[in-house]
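Observations on chain architecture
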Amino acid sequence: MALTSVRSKGAHSGPRRWVGRQTPVSASVRIGLALAVTLLASILIAAFLFFLAGGRWFIVQTPSMGETAPVGTLMLTTPTHHVAVGDIITFHPPTAPNETFTHRVIKVTDQGISTQGDINGAIDPWMLAPTDIVGEAAVILPAAGWFVKALPIVAIGAVLVWFLSSMFHTAARRSAVRIAGFSFVVAAAAYILRPLIGVVVLSTNADETGAHATVVSTGILPIRVQAVGGTSADLVTGQVGDIDIPSLADTSQYHLSSALNMSLVGWIILGAICALPLLWSIVVGLPAENEEAPA
């Protein structure tokens, strides 16, 4: 008599596997990494072709070009054989051939080319020859230079975080360490570079009644610059403002303070950016401790 085995509905064989949100999250991570690699490769290829065509890129370090190209601007230049008044060019000044400046052309004569920064009070003390010119500004990207400067810090930090998090055996702990670690890396880059708030004093005139200071904002975010005991100025990146200080301290010094000065919408956007790690944890979530990938 043959024996047959009957498996009741709902029975299973083999060890039970817990299948939860880990599989779709892992798939989305793989897709995100693939897109990131593709984007990075495209940028590198475009940059290489741009360089072969004679293009160059620079990051603005000083506020001389005001709001047109504030500190942290990424400047892309292309070769030029003809400049006109009003053009923004990058050049090596004859008095300092190892340095690179980006100023506006204000005069073109047979003797040479005169330049000046937008917020500088005087014309540059040189006459440029065509051979001094590196190129003409083709693309001006304010604030993009800060991201380029932060890229090595973030890349190295991200690799370290990924390596350290791989030592944890559970998916939940790995994800938690990576979220916290990546957040710390971005915060560290912001602390090192300090791109958000910055003030430079351009000039100060003082007399027996007090002082008059001219300042410029060098950070990304709008700020209010306040002189202790004096007036204030609301500035955006690259903007110049004037501050009056009615009286000076006994040491003939004055003190300036700066703080963020944004609208409600600006504060909401800034808060949302700062809360991205929390939002990621809430929306995507962490893998459960007992979750395992399918066999």
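Quick look at the structure, then. (Residues numbered from 1 in each chain as written. Predicted model: local features only at pLDDT ≥ 70, side-chain atom pairs only at ≥ 80, totals over all residues. Heavy atoms only, no water.)

Across its full length, the protein carries 5 helices and 12 strands. Across the protein, contacts joining residues at least 24 apart in sequence account for 56% of those joining residues at least 6 apart. For the protein, the exposed area adds up to about 18700 Å²; of that, 66% sits on carbon and sulfur atoms. (Helix = DSSP H or I, 4+ residues; strand = E, 2+ residues; numbered from the N terminus. Contact = heavy atoms within 4.5 Å. Areas by Shrake-Rupley, 256 points an atom, 1.4 Å probe, with all protein chains shown as cover.)

Moving on, we get to the pattern of salt bridges. For the structure shown, the criterion picks out 2 salt bridges. Two residues, aspartate 234 and arginine 224, come together in a salt bridge whose shortest N-O distance is 2.6 Å. Of this pair, aspartate 234 sits in strand β10 (residues 232-235) while arginine 224 sits in strand β9 (residues 223-227); the two residues are 10 residues apart in sequence, bridging distant segments of the chain. The partly exposed category is assigned to arginine 224, whose relative accessible area is 38%. (Salt bridge = Lys/Arg side-chain N within 4 Å of Asp/Glu carboxyl O. Buried < 20%, exposed > 50% of the residue type's maximum accessible area, 1.4 Å probe, protein only.)

Volume-wise, the second largest pocket comes out at about 250 Å³. Lining of the second largest pocket is provided by Phe58, Ile59, Val60, Gln61, Thr62, Ser64, Met65, Thr90, Thr100, Phe101, Thr102 and His103. For the lining of the second largest pocket, the secondary structure elements donating two or more residues are β1 (56-59) and β4 (101-109). When residues in the lining of the second largest pocket are grouped by element, the largest group, 3 residues, is from β4. (1 Å grid on protein atoms, 1.4 Å probe; cavity = no way out; pocket = protein on both sides within 12 Å on 5 of 7 lines; lining within 4 Å. Points joined across faces, edges and corners; volume = space filled by probe spheres on them.)

Right, let's get into the nonpolar core. In terms of nonpolar packing, the biggest core is built from 10 residues, these being Ala211, Ala213, Val215, Ile223, Val225, Ala227, Ala233, Leu235, Ile243 and Ile245. Only β8 (210-217), β9, β10 and β11 (240-245) provide two or more residues apiece to this core. Aside from chain neighbours lying at most four places away, what touches leucine 235 is Val215, Val216, Ser217, Pro222, Ile223, Val225, Val240 and Gly241. Within the second largest apolar cluster, 8 residues are counted, among which are Val83, Ile89, Phe91 and Leu128. (Core = buried A, V, L, I, M, F, W, Y, C linked by side-chain atoms within 4.5 Å.)

Our next topic: the packing of helix α4 (residues 264-274) against helix α5 (residues 276-283). Where α4 meets α5, the closest approach of the two axes is 5 Å, and the angle between their N-to-C directions is 60°. Touching Ala272, Ile273 and Cys274 of α4 are Leu276, Pro277 and Leu279, all from α5. A class-by-class count of the residues in the contact of α4 with α5 yields 6 nonpolar, no polar and no charged. (Axes fitted to C-alpha atoms, helices over the stretch in contact; angles between N-to-C directions. Nonpolar A, V, L, I, M, F, W, Y, C, P; charged D, E, K, R; others polar.)

Moving on to the sheet that holds β8. One open sheet accounts for 3 strands, arranged β7-β8-β11; its pairing is antiparallel. Looking at strand neighbours, the two that pair on one side only are β7 (199-207) and β11, the edges of this open sheet. Averaged over all pairs of adjacent strands, the angle between strand axes in this sheet comes to 20°, irrespective of strand direction. Direction of pairing for β7 relative to β8: antiparallel, over a ladder of 8 bridges. (Pairing = 2+ DSSP bridges.)

Following the criterion strictly, the structure yields 3 aromatic pairs and no others. Ring plane angle 65° and centroid distance 6.0 Å describe the contact between phenylalanine 91 and tryptophan 126, whose orientation is recorded as edge-to-face. With phenylalanine 91 in strand β3 (residues 88-91) and tryptophan 126 in the loop between β5 (112-116) and β6 (133-141), the pair connects residues that are 35 residues apart, well separated along the chain. On the accessibility criterion, phenylalanine 91 (0% relative accessible area) is buried. For tryptophan 126, a relative accessible area of 12% puts it in the buried group. A connected cluster of aromatic rings, assembled from ring pairs, spans Phe91, Phe101 and Trp126. Looking at arginine 178, its charged tip hangs above the ring of tryptophan 162, at a distance of 3.6 Å from the centre. The positively charged end of arginine 194 is found above the aromatic ring belonging to tyrosine 191, 4.5 Å away from the centroid. (Phe/Tyr/Trp six-rings, centres within 6.5 Å; stacked < 30°, edge-to-face > 60°. Lys NZ or Arg CZ within 6 Å of the ring centre and 35° of its normal.)

Hydrogen bonds along the backbone pair up the strands of a sheet, which may run parallel or antiparallel. Spatial ordering of the open sheet is given by β1-β2-β6-β3-β4-β5, a layout of 6 strands whose pairing is antiparallel. Here the strands that pair on one side only, and so sit at the sheet edges, are β1 and β5. Averaged over all pairs of adjacent strands, the angle between strand axes in this sheet comes to 50°, irrespective of strand direction. When strand β2 (residues 74-78) meets β6, the two strands line up antiparallel, connected through 5 bridges.

This part covers the side chain of histidine 103. Mapped onto the elements, histidine 103 comes out in strand β4. One polar contact links histidine 103 to aspartate 124, side chain to side chain, over a distance of 2.7 Å. Apart from residues no more than four positions distant in its own chain, histidine 103 is found in contact with Ser64, Met65, Asp87, Ile88, Ile89, Phe91, Thr115, Gln116, Gly117, Asn120 and Asp124. (Polar contact = N/O pair within 3.5 Å; in protein donor to acceptor, adjacent residues only side chain to side chain.)

Read these as spatial facts, not as claims about activity.
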